[in-house]
Amino acid sequence: MRGQLLATTQDKPPAERLAYWNELMATSLGLMNVRSENPDEFIASVRTTNLGALNLALHRFPSLRVTRSRSMVRPSDPDLFLINLTLRGGGVIQQARNRCVARVGQLSAFDSSTPHEIDYVEGEGGTDSTALTLQIPRALLPVRPDLVKRLYATCLTPEPQGVGAVLISHLVAVARHAHQLRPEDATRLGGITLDLVAATIAHRLDREADLPPDTRQAVTYRQVLAFIEAHLAGPELTPASIAAAHHVSVRSLYRLFAAEGRTVAGWIRHRRLDRCRRDLADPRLAGQPIHAVAARWGFTDSAHFTRLFTAAVGMGPLAYRQDQHLIR
C-alpha cells in the first residue's frame, strides 16, 4: 500500500537512537520527551498506514516514558484524538487528572492538545511493548468536544459483543493486512474506522442518539458481520436470530445488507463456504470426512453442499481437498 511507511532505530548509531525516535514521534504526534533507561540499546520501530484522513501506527519499543508538557503543546499541536490498543506489554496514561492502566487487549484514549504522561513497560520475558495507535483529527469526530474530553486517559474496556470489541478486531485486521491494501481502499477503510470509533465513544458516554443516522447504520452492519462470524457454526444462525440479537427488525436487517449489495443468507453461505475451504485445505483435518466438515459449518445436506461448493469454487470438495494437499 502506498500509504504504508516503516521506520526503525535499529540502523542508527546507538548514541542517536533515542533522539531519532523523538524526531519520529514529533512529526506525527507533536513535540514530546521520550526517555529510556538504556538509550543506547533503544530499538524501536513504527509502521504507519494511511486511512484517508486517519492514520494507524503500529509501534514496537522497549520500556519508556513519554512526557508532553504544556510548553510542548503550544508550538506543536496536530490537534489529534488518539485511540491506543495495547497488544503486548502495558502502559499507564495520565491526562487531565485522569489515569488509565492500559493492559493487553484494552483500548485507551487521549489527545494531543492536552499535556500528558505515558509510561510503557515491556511484555513478559522482556519482549518489547507493542501498541496500535489510531490518529484521528478531532474535527472529524461527530461527538461534542466537551464530551470527548471526559474520555481522556480512560480505558475503554469493550463488552465481548459490543462495538468496542468490533473496533478492536477491525484495527487488528487492518494492521495485519495493511501490506495487501490498495491505495483506493484507504478512504473507505478510514470511514469505517471513524464510524466504529464514534460509536465506541458514544456508547461509553451513553450518547448513541447523538450519532448521525448513517454512522449508526454503518456500525450496526459491522456488529452484525462480527456476530455472524462468531456464530457461523450454530444451526440457530438465521435472519430472525440475528435481528433479535441486535434489536432491529428482520426487514431492517435486510435493508442493511441490501445497501451493501448483499443478502443475509448469501453472506452467511459465503462465510460458511470459506470456512469449509479452509478446513478442507488443512492437512491436520485430512482424515475428517467431507460431510463432517460440511456439517460443522451448517451444511447438513451433503448433495446440496457439493452443489454450492462447486458453484463457488469451480470444483467439487473432494477434488479441491486433493488439489490443495498436492500443492502443499
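(A) Examining the overall build of the protein chain more closely. A count of helices and strands for the protein chain gives 12 helices and 12 strands. Taken along its principal axes, the extent of the C-alpha atoms in the protein chain is 70 × 50 × 35 Å. Residues counted as buried form 47% of the 328 residues belonging to the protein chain. Across the protein chain, the fraction of contacts at a sequence separation of at least 24, relative to all contacts at a separation of at least 6, is 70%. In the structure as shown, the protein chain presents an accessible area of about 16700 Å², 52% of it carried by carbon and sulfur atoms. Across the protein chain, the 39 positively charged side chains and the 31 negatively charged ones have centroids separated by 5 Å.

(B) Quick look at the sheet that holds strand S2 (residues 33-35). Strand order in the open sheet formed by five strands is S2-S5-S10-S7-S8, and the pairing between neighbours is antiparallel. The open sheet is flanked by S2 and strand S8 (98-102), the only strands paired with a single partner. Going from strand to strand, the sheet's axes swing by 10° on average, the running direction of each strand aside. One ladder, built from six bridges, connects strand S7 (residues 90-95) with strand S10 (residues 116-121); its direction is antiparallel. Across the sheet, residue isoleucine 93 finds its bridge partner in S10, namely isoleucine 118. Sitting on the sheet, helix H1 (residues 17-29) is in contact with S2 and strand S5 (64-68), with an inclination near 145° to S2.

(C) Quick peek at empty space enclosed by the protein. All told, the structure shown has one cavity of 30 Å³ or more when counted by the stated rule. Roughly 230 Å³ of volume is contained in the largest cavity. Around the largest cavity, the lining comprises 19 residues; the ones closest to its centre are Met25, Leu29, Val66, Ile118 and Tyr120. Those elements that place two or more of their residues in the lining of the largest cavity are H1, strand S4 (54-61), S5, strand S6 (80-88), S10 and strand S11 (129-137). Looking at the lining of the largest cavity residue by residue, the classes come out as 13 nonpolar, five polar and one charged.

(D) Here's a closer look at the packing of helix H9 (residues 264-280) against helix H11 (residues 302-313). Closest axis-to-axis distance for the H9/H11 pair is 11 Å, and the angle between their directions is 90°. Of the possible angle classes, the one that applies to H9 and H11 is roughly perpendicular. Residues Arg269, Leu273, Cys276, Arg277 and Leu280 of H9 form the contact with H11, whose participating residues are Phe305, Leu308, Phe309, Ala312 and Val313. Considering only residue class, the contact of H9 with H11 consists of eight nonpolar, no polar and two charged.

(E) Representation of the pairing of S5 within the structure. Taken across its five residues, S5 has four buried, putting it largely inside the fold. With three bridges connecting them, S2 and S5 associate as antiparallel partners. Bridging from a neighbouring strand, arginine 35 pairs with arginine 65 of S5. Bridge count for S5 against S10 is five bridges, and the pairing is antiparallel. Residue pairing for S10: arginine 68 is matched across the bridge by histidine 116.

(F) Layout of the pattern of salt bridges. Taken as a whole and judged by the stated rule, the model has 15 salt bridges. Linking aspartate 119 and arginine 65 is a salt bridge whose minimum nitrogen-to-oxygen distance equals 2.7 Å. With a gap of 54 residues between them, aspartate 119 in strand S10 and arginine 65 in strand S5 connect regions that are remote in the sequence. Between arginine 188 and glutamate 260 there is a salt bridge; the shortest N-O distance is 3.3 Å.

(G) Up close: the pairing of S6. A large share of S6 lies buried, amounting to seven of its nine residues. Pairing between S6 and S11: eight bridges, direction antiparallel. The residue of S11 that forms the bridge with phenylalanine 81 is isoleucine 136. Where S6 meets strand S9 (residues 107-111), five bridges bridge the pair, whose relative direction is antiparallel.

(H) Layout of the environment of alanine 199. Note on placement: alanine 199 falls in helix H5 (residues 185-205). C-alpha of alanine 199 to C-alpha of glutamine 106: the two residues are 93 residues apart in sequence and 16 Å apart in space. Each residue touching alanine 199, except ones within four places of it in the same chain, is listed here: Val163, Leu211 and Val219.

Cut-off values and rules
- Residues numbered from 1 in each chain as written.
- Predicted model: local features only at pLDDT ≥ 70, side-chain atom pairs only at ≥ 80, totals over all residues.
- Heavy atoms only, no water.
- Helix = DSSP H or I, 4+ residues; strand = E, 2+ residues; numbered from the N terminus.
- Buried < 20%, exposed > 50% of the residue type's maximum accessible area, 1.4 Å probe, protein only.
- Contact = heavy atoms within 4.5 Å.
- Areas by Shrake-Rupley, 256 points an atom, 1.4 Å probe, with all protein chains shown as cover.
- Lys, Arg positive; Asp, Glu negative; His and termini not counted.
- Charge placed at Lys NZ, Arg CZ, Asp CG, Glu CD.
- Pairing = 2+ DSSP bridges.
- Axes fitted to C-alpha atoms, helices over the stretch in contact; angles between N-to-C directions.
- 1 Å grid on protein atoms, 1.4 Å probe; cavity = no way out; pocket = protein on both sides within 12 Å on 5 of 7 lines; lining within 4 Å.
- Points joined across faces, edges and corners; volume = space filled by probe spheres on them.
- Nonpolar A, V, L, I, M, F, W, Y, C, P; charged D, E, K, R; others polar.
- Parallel < 35°, antiparallel > 145°, perpendicular 65-115°, else oblique.
- Salt bridge = Lys/Arg side-chain N within 4 Å of Asp/Glu carboxyl O.

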